[in-house]
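Remarks on the overall topology
Chain by chain, the residues run as shown.
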Amino acid sequence: MHNENTEIILIDPITAFGVATTAFKGIKALVNAGREVEDVTSQIGKWFGAVADYQHAASEKKKSNERGIKKFLAPQSVEQEALDYVMNKKKLAEMEKELKDMLTWGNYPAGIYEEMIQARRRIKREREQEVHRRERAKRELITYSIYGTILAVMLGILWWLTGLLIEMWPKS
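Before going into details, it helps to say that this report is about the structure given with it. Remember, predicted model here, so these are calculated numbers, not experimental data.

Focus on the packing of aromatic side chains
- Counting across every chain of the model gives four aromatic pairs.
- The rings of F17, Y54 and Y85 are connected pair by pair, giving a single aromatic cluster.

Here it is in structure tokens:
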């Protein structure tokens, strides 16, 4: 999950899927009650956030399994984990299709779902670009810090050697 400070809070896939399911039920309740799109958007945001958290958590879990950490953290069989992942993925796809249908055929402005998806893609792309920019800046900072340290050490050695030469120089 992400909070206002964009800190990443680690969440397990089961919890993220539960949050997505709860958020989706909230969306359906609001739509069925005839609420305006403005009233539904925060719930839709929670749902998309939970879906993103689920995908991230599932990806992290897969990475930990590849590193052999699974043995210690999850007693679940590989087959059960794979089945859960596939079923949850299908359920999330069904929820998204139903959400699209609700927004497309409901009493909402035409094209709102498509606009939302385009905005979502744009925001995701911008966030990824920001992450890449920060990673590049971090690498450059480390590189320049190493170069600066090497230069400072070399200047220190040069200063020390100059001092030695001046002391050893014959005095007239």
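Points about the nonpolar core
- Counting 26 residues, the largest nonpolar core has I27, V40, I44, W47, L92 and L99 as the members making the most contacts within it.
- Of all the secondary-structure elements, those providing two or more residues to this core are helix 1 (13-32), helix 2 (37-66), helix 4 (78-105) and helix 5 (112-168).
- A total of nine residues in this core trace back to one element, the largest contributor, which is helix 2.
- Beyond its immediate sequence surroundings of up to four residues, I27 is in contact with V40, Q43, I44, W47, L99 and M102.

Details of helix 4
- In this model, helix 4 (28 residues) spans 40 Å end to end at C-alpha, consistent with the 40 Å of a helix rising 1.5 Å per residue.
- Among the residues making up helix 4, those that are buried are E81, N88, L92, M95, L99, M102 and L103.

What counts and how
Residues numbered from 1 in each chain as written. Predicted model: local features only at pLDDT ≥ 70, side-chain atom pairs only at ≥ 80, totals over all residues. Heavy atoms only, no water. Phe/Tyr/Trp six-rings, centres within 6.5 Å; stacked < 30°, edge-to-face > 60°. Core = buried A, V, L, I, M, F, W, Y, C linked by side-chain atoms within 4.5 Å. Buried < 20%, exposed > 50% of the residue type's maximum accessible area, 1.4 Å probe, protein only. Helix = DSSP H or I, 4+ residues; strand = E, 2+ residues; numbered from the N terminus. Contact = heavy atoms within 4.5 Å. Expected span 1.5 Å × (residues − 1).

Everything listed here is a matter of coordinates, which is why it stays silent on function.
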